[in-house]
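Listed here are the chains, written in short residue letters.
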Amino acid sequence: MLSLFKKFKEGLSKSAKNIADKTGGIFRRAKLDASTIEELEEALYAADFGYETTEEIVEETKVAYKKDKELRGQDVAKIGSAVLRRVLEGSEGTIEFREDRPTVICLIGVNGSGKTTTTAKLGSQCKAEGRQVLVAACDTFRAAAIEQLKEWTNRLDLEIVSGERGADAAAVAYDAWQAAKSRGKDTLIIDTAGRLHTKSNLMDELAKIRRVLQKHDETAPHYSLLVVDGSLGSNSIEQARVFHEKFGLDGLIVTKLDGTSRGGSLVGIYRELKLPIYFLGFGEKAEDLQAYQIENYVNAVFGVEEEVSA
Ligand SMILES: Nc1nc2c(ncn2[C@@H]2O[C@H](COP(=O)(O)OP(=O)(O)OP(=O)(O)O)[C@@H](O)[C@H]2O)c(=O)[nH]1
Ligand SMILES: [Mg+2]
């Protein structure tokens, strides 16, 4: 069984020629020179850390190098880690489960970002932690969306509430909450249809889902999380900003951090929007979802071998 950190790191490392590999090469060097700093800068840009964060790391490295010409790769890793920790302060989202009512987690986002897969993964992990989970198939729009989620819930032995294709997504959400309550569930995870933030009728549908949930529980949904495709890098910033402005988000889930070299983008996204990050997705299997932890992320990207327990 892989430890949380190893798995996390493995997930990020799959992001081939990725940050950990590129900067890792620099960090293992015994001694730095000016060209190494340029390499570092290039690697950080390539990994999509964004302009400000990259320049902060590079500037601090230059200052340290001026003072100490014997600066080692490991010292640079420490500088980079310190900058990331500072930038990411406050970025760790934690689900606080309600004691007296179903905790409602609603996943939203553009088409194909990973909502349905994440609904299943999250449901499975909550169940493994002993929670009573119900999943709601509120993507009544896309062909085969309901079947896709049902396939997952069958495999993972999760309970699901769904409607007919074309049904009102809000009505399914309403029924699902009722079912969660009557079946004694403590966790309700809602999968929604992919939508472009620029389509106002689809944004209205989300508002309606929230409105009907609030007929049952005025504090629901407790977590409206935007599922963002991490392989799109900082291109997702604008998308997230508009979802947040129009709908109001509680945080983010960043998926597909396995096949990408742009694993630094969540730093830029957090820097811009200051929305907490709850989970990271590393693959297509149920176990490929991890709670986001600043320390694990920083250590994984800067290759400092230190384990942080969950
Ligand atoms: N490699 C990788 N693939 C992922 C990850 N998460 C989701 N996928 C894949 O991305 C594709 C889209 O995932 P879905 O969960 O269907 O995305 P969605 O947001 O529900 O899509 P729509 O409902 O069409 O908007 C599928 O092929 C998933 O297997 C991840 O973390 N890593
Ligand atoms: Mg889907």
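Below: a short report on this structure. If you're wondering where the values come from, they're calculated on a predicted model, not measured in any experiment.

Cut-offs used in this document
Residues numbered from 1 in each chain as written. Chains lettered and ligands numbered in written order. Predicted model: local features only at pLDDT ≥ 70, side-chain atom pairs only at ≥ 80, totals over all residues. Heavy atoms only, no water. Helix = DSSP H or I, 4+ residues; strand = E, 2+ residues; numbered from the N terminus. Expected span 1.5 Å × (residues − 1). Buried < 20%, exposed > 50% of the residue type's maximum accessible area, 1.4 Å probe, protein only. Contact = heavy atoms within 4.5 Å. Near = heavy atom within 4 Å. Polar contact = N/O pair within 3.5 Å; in protein donor to acceptor, adjacent residues only side chain to side chain. Areas by Shrake-Rupley, 256 points an atom, 1.4 Å probe, with all protein chains shown as cover. Nonpolar A, V, L, I, M, F, W, Y, C, P; charged D, E, K, R; others polar.

Along the chain, the position of Lys62 falls in helix α4 (residues 51–67). Each C-alpha atom of the pair Lys62 and Val76 lies 9.7 Å from the other, and the pair is 14 residues apart in sequence.

Taking 1.5 Å of rise per residue, 12 residues should cover 16 Å, and helix α10 (residues 236–247) covers 16 Å from first to last C-alpha, within 8% of that figure. Among all positions of α10, only Ser236, Ile237, Gln239, Ala240, Val242, Phe243 and Phe247 are buried. Looking at the buried side of α10, the elements it contacts are β1 (103–108), α9 (200–216), β5 (223–229) and α11 (265–273). Gly248 occupies a position one or two residues after α10 and carries a positive phi of about 85 degrees.

As a matter of local geometry, ligand 1 sits amid 20 residues, with Lys115, Thr116, Thr117, Asp258 and Glu284 nearest to it. A distance of 2.8 Å separates an oxygen atom of ligand 1 from a polar side-chain atom of Thr116. Coverage of ligand 1 by the protein chains reaches 81% of its 650 Å² of free accessible surface. Residue contributions to the shell around ligand 1 peak at four residues, all from helix α6 (residues 115–128). By residue class, the composition of the shell around ligand 1 is two nonpolar, 11 polar and seven charged.

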